[in-house]
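# Observations on chain architecture
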Protein chains: 2
Amino acid sequence: MLDPWTADAFDYDKIVKKFGIKNFQEELLKIKNPNRLMRRGVILGHRDFNKITNLINKNEPFAVVTGMMPSGQMHIGHKMVVDQLIWYQENGGRLSLPIADLEAYAARGISFEKGKELAINEYLTNYIALGLNIDHDVNIYLQSQNQILQDLSFRASMKTNFSEMKAIYGFTPSTNLAHLTAPISQVADILIPQVEEYGGPINTVVPVGIDQDPHLRLTRDITNKLHEELGFLTPSSTYHRFITGLTGGKMSSSKPKTAIYLNEETKNAVKKLKSAKTGGRESLQEQKELGGKPDECVIFETLVYHLMDDDEKLKEIKEECLNGTLLCGDCKNRTCQLLEEFLDDLHEKQIESREIAQTIFD
Amino acid sequence: MLDPWTADAFDYDKIVKKFGIKNFQEELLKIKNPNRLMRRGVILGHRDFNKITNLINKNEPFAVVTGMMPSGQMHIGHKMVVDQLIWYQENGGRLSLPIADLEAYAARGISFEKGKELAINEYLTNYIALGLNIDHDVNIYLQSQNQILQDLSFRASMKTNFSEMKAIYGFTPSTNLAHLTAPISQVADILIPQVEEYGGPINTVVPVGIDQDPHLRLTRDITNKLHEELGFLTPSSTYHRFITGLTGGKMSSSKPKTAIYLNEETKNAVKKLKSAKTGGRESLQEQKELGGKPDECVIFETLVYHLMDDDEKLKEIKEECLNGTLLCGDCKNRTCQLLEEFLDDLHEKQIESREIAQTIFD
């Protein structure tokens, strides 16, 4: 059972096989200008992404949905989603960005007022500072304030039942009803670009972490059932790996030692990255002889996911690590330097971005 | 299984026994000035009404909840609820009147806009015209617009599960989730007078038709589970019989021949009542010999429920019917006369009442 709540460690290959997710590598060849995360295998699987590739290649419109749950702070791992949104935007995607304040309330007890404040000052501010153009065909909404969403949730909830929720999420007859029905608002979020008010049926892609696939399976099934009355098209999806936390496990907003926050003081962030888990060997001697293990290295991953744009240079670094000529100290220093530049720049941009973000719901 | 959706014919005694509802007759003796529906056995059962009797007798506050579903037209049967509300208001009850626009949308596809319009121009207008004082400690709200209700629904839905819904309503694993979760907003409606924002825990009575008892059972169970964290008190309830339709079955808004609408032209209504099913015998001769059957007579029921305030006079009519001296023609003429007076008066009052109703949500 793959579920979006307890997901922690993943055997990616097994999951991809078991649930019929397609490997992204084959699709990659057809994409004219794949983004960094696609090229580097961070995006590892998809469902029906070929529909989106075709639309991009023909310059035809499509929708992109990915939600933000306003709870806690944004960390550098969340940047992955924003990078993808920017890419989709450059390639003709209409963005739909639900703010999951209903879910934040349900799962974390965060009031709608607090959720809205976090969405503006934490999430949207950073989305804009990271480069998202919110004036260009972007629909940002609060779940709790969106009547169309509530109508759609209701229609979706008519098309599923306890049996299906049990099969997909492993719910039991004693699962409380709040938990049992929580996925329905996500289904509605995914389908909302297709309602008449927003332009009617449109192919949609949902770029998410692989733990979110159950929501896609549910949505795809409900979409098929709604097709006849509403003409909705089955959504496509892509699945990315999780970013590793600084201490080796999953990066988590609620565990400061594992995460680099986007609003964190640069000094502090650099200090944390400096003591992050690397792929280095036990001794300098051993490292020089055997080379490092970049695929198990948080520092290298930070370069791959976020800080190193140049594929060639990244390849060089990997080779130098593998052959033992690049040692962890130097590599860390360089990466920390890049992080410092990235964060200083971001913090500067946050000032203006916050002002823009604060006008979104006016 | 007693469920609120398919209820049609009732063996009242059996239901009262099976579900542990108490007979109202014993309670009646303790009530100082019981209303017409109590005195005449239209209210046949209750749960924990003794708590409310005690509060009334001690002049202490309590809450009263009863919802209106804004779908279609109000008929004379709905007047029963208003009569009870007025009585409770006179006896110190704080009224809470949810407008079930969520349910109207769910069950009948009525948009929130249309629901609001119906609530104002059809329901609230008539509530006021029938004598309800909406300025006196009355909380009227639209389910869809009430954030506190949505929060409470969420909290309530955390305290129940599929097993319980199955036990109470007979739901199966293939019941759609919209139907499965619909009762939750009714639970929240019943509990809302007890939230902090409305003054905190308070004894509450819910006067409803007996088909609504499953909602009370669910609410009582959830209340017990919420008691520790929120201090909520278990609600009391009373159960009334259904009014018989003009053609003999259930009176239904959607079947014009069965119902007298409150907004209907008096002439039209009188015409329908004139051809209603009576408790008369096959022939005049037989009727004179055996007497009529007032307990199976729609005309007599209309007097009992709505048109005849004077208990003594009502008793006389019954006796005259039973002993064959009062014949159906005369009895019908008198009742139609009373209906005409009632409706003409009501229609006049509706004009001003509508103006008041239209200010409620300003």
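Note: the structure precedes this text.
Please read these numbers as outputs of a predicted model, since none were measured by experiment.

In terms of helices and strands, chain A carries 16 helices and seven strands. Taking 21 Å as the expected radius of gyration for a compact globule of 362 residues, we find that chain A reaches 21 Å, a close match to that expectation. Summarising its shape, the C-alpha atoms of chain A cover approximately 65 × 50 × 45 Å along the three principal directions. Intrachain contacts of chain A at a sequence separation of at least 6 include 76% that bridge at least 24 residues. Surface summary for chain A: the accessible area is close to 16000 Å², and the carbon and sulfur share equals 47%. Across chain A, the 42 positively charged side chains and the 51 negatively charged ones have centroids separated by 5 Å.

There is a patch of like negative charges on the surface, built from Asp-310, Glu-312, Glu-316, Glu-319 and Glu-320 of chain B. Secondary-structure assignment places Glu-319 of chain B in helix H15 (residues 311-322).

Moving on: the relation of the copies chain A and chain B. Aligned on chain B, chain A shows an RMSD of 0.0 Å; the corresponding rotation is 179 degrees and the shift along the axis is 0.0 Å. Classification of the inter-copy transformation places it as that of a two-fold axis. Taking C-alpha positions as reference, the residue of chain A nearest the rotation axis is Phe-162 of chain A, located at 3.9 Å. Interface overlap between copies is the fraction of interface residues in one copy that are interface residues in the other; for chain A against chain B it reaches 100%, indicating a shared surface.

Next up on the list: the interface of chain A and chain B. Contact with chain A, which involves 25 residues of that partner, is made by 25 residues of chain B. Here chain A and chain B share an interface that buries about 2100 Å² over both sides, 65% of which is from carbon and sulfur atoms. There are 10 residue pairs in polar contact (both at pLDDT 80 or more) connecting chain A and chain B. Elements represented by at least two residues in the side of chain A that touches chain B include exactly helix H6 (101-108), helix H8 (147-157), helix H9 (162-169) and helix H10 (177-191) of chain A. In terms of residue count, the dominant contributor to the side of chain A that touches chain B is H8 of chain A (six residues). Per-class residue counts for the side of chain A that touches chain B are 12 nonpolar, 11 polar and two charged.

A separate point is the sheet that holds strand S3 (residues 62-65) of chain A. Taken in spatial order, the seven strands of this open sheet run S1-S2-S7-S6-S3-S4-S5 (chain A), and their pairing is mixed. Both outer strands of the open sheet, strand S1 (22-23) and strand S5 (138-142) of chain A, are each paired with one neighbouring strand and no more.

Moving on to helix H12 (residues 266-274) of chain A. Residues and elements named next belong to chain A. All of the buried residues along H12 are Thr-266, Ala-269, Val-270, Lys-272 and Leu-273. When H12 is viewed along its axis, its buried side chains cluster within an angular range of 160 degrees and face the same direction. Away from the buried face of H12 by more than 90 degrees, exposed residues Lys-267 and Lys-271 are located. Looking at the buried side of H12, the elements it contacts are helix H14 (298-307) and helix H16 (328-357).

Residue and element names in this part refer to chain A. Where H14 meets helix H15 (residues 311-322), the axes come as close as 11 Å, and the angle between the chain directions of the two elements is 165 degrees. One way to sum up the angle between H14 and H15 is to call them roughly antiparallel. Where H14 crosses over H15, the two elements pack in a sense that is left-handed. Counted together, Phe-300, Leu-303 and Val-304 of H14 and Leu-314, Ile-317 and Lys-318 of H15 form the full contact between these two elements. Considering only residue class, the contact of H14 with H15 consists of five nonpolar, no polar and one charged.

This part takes up the pattern of salt bridges. All names here are of chain A. Summed over all chains, the structure comprises 37 salt bridges over all chains. With a shortest N-O distance of 2.7 Å, Asp-311 and Arg-39 are connected by a salt bridge. Within this pair, whereas Asp-311 is found in helix H15, its partner Arg-39 is found in helix H3 (residues 36-39), the two being separated by 272 residues in sequence. You can call Asp-311 partly exposed: its relative accessible area is 33%. Take Arg-39: its relative accessible area is 34%, and that puts it in the partly exposed class. Taken together, the salt bridges that share partners define one network made up of Arg-36, Lys-79, Asp-83 and Asp-309.

Cut-offs used in this document
Residues numbered from 1 in each chain as written. Chains lettered and ligands numbered in written order. Predicted model: local features only at pLDDT ≥ 70, side-chain atom pairs only at ≥ 80, totals over all residues. Heavy atoms only, no water. Helix = DSSP H or I, 4+ residues; strand = E, 2+ residues; numbered from the N terminus. Rg over C-alpha atoms; globule rule 2.2 N^0.38 Å. Contact = heavy atoms within 4.5 Å. Areas by Shrake-Rupley, 256 points an atom, 1.4 Å probe, with all protein chains shown as cover. Lys, Arg positive; Asp, Glu negative; His and termini not counted. Charge placed at Lys NZ, Arg CZ, Asp CG, Glu CD. Patch = residues over 30% accessible without salt bridge, like charges linked within 9 Å, V, L, I, M, F, W, Y side chains within 5 Å. Salt bridge = Lys/Arg side-chain N within 4 Å of Asp/Glu carboxyl O. Least-squares fit on C-alpha atoms with pLDDT ≥ 70 in both. Buried area = accessible area lost by both parts, 1.4 Å probe. Polar contact = N/O pair within 3.5 Å; in protein donor to acceptor, adjacent residues only side chain to side chain. Nonpolar A, V, L, I, M, F, W, Y, C, P; charged D, E, K, R; others polar. Pairing = 2+ DSSP bridges. Buried < 20%, exposed > 50% of the residue type's maximum accessible area, 1.4 Å probe, protein only. Arc of directions from axis to C-beta. Axes fitted to C-alpha atoms, helices over the stretch in contact; angles between N-to-C directions. Parallel < 35°, antiparallel > 145°, perpendicular 65-115°, else oblique. Left-handed = near helix turned anticlockwise from the far one by under 90°.

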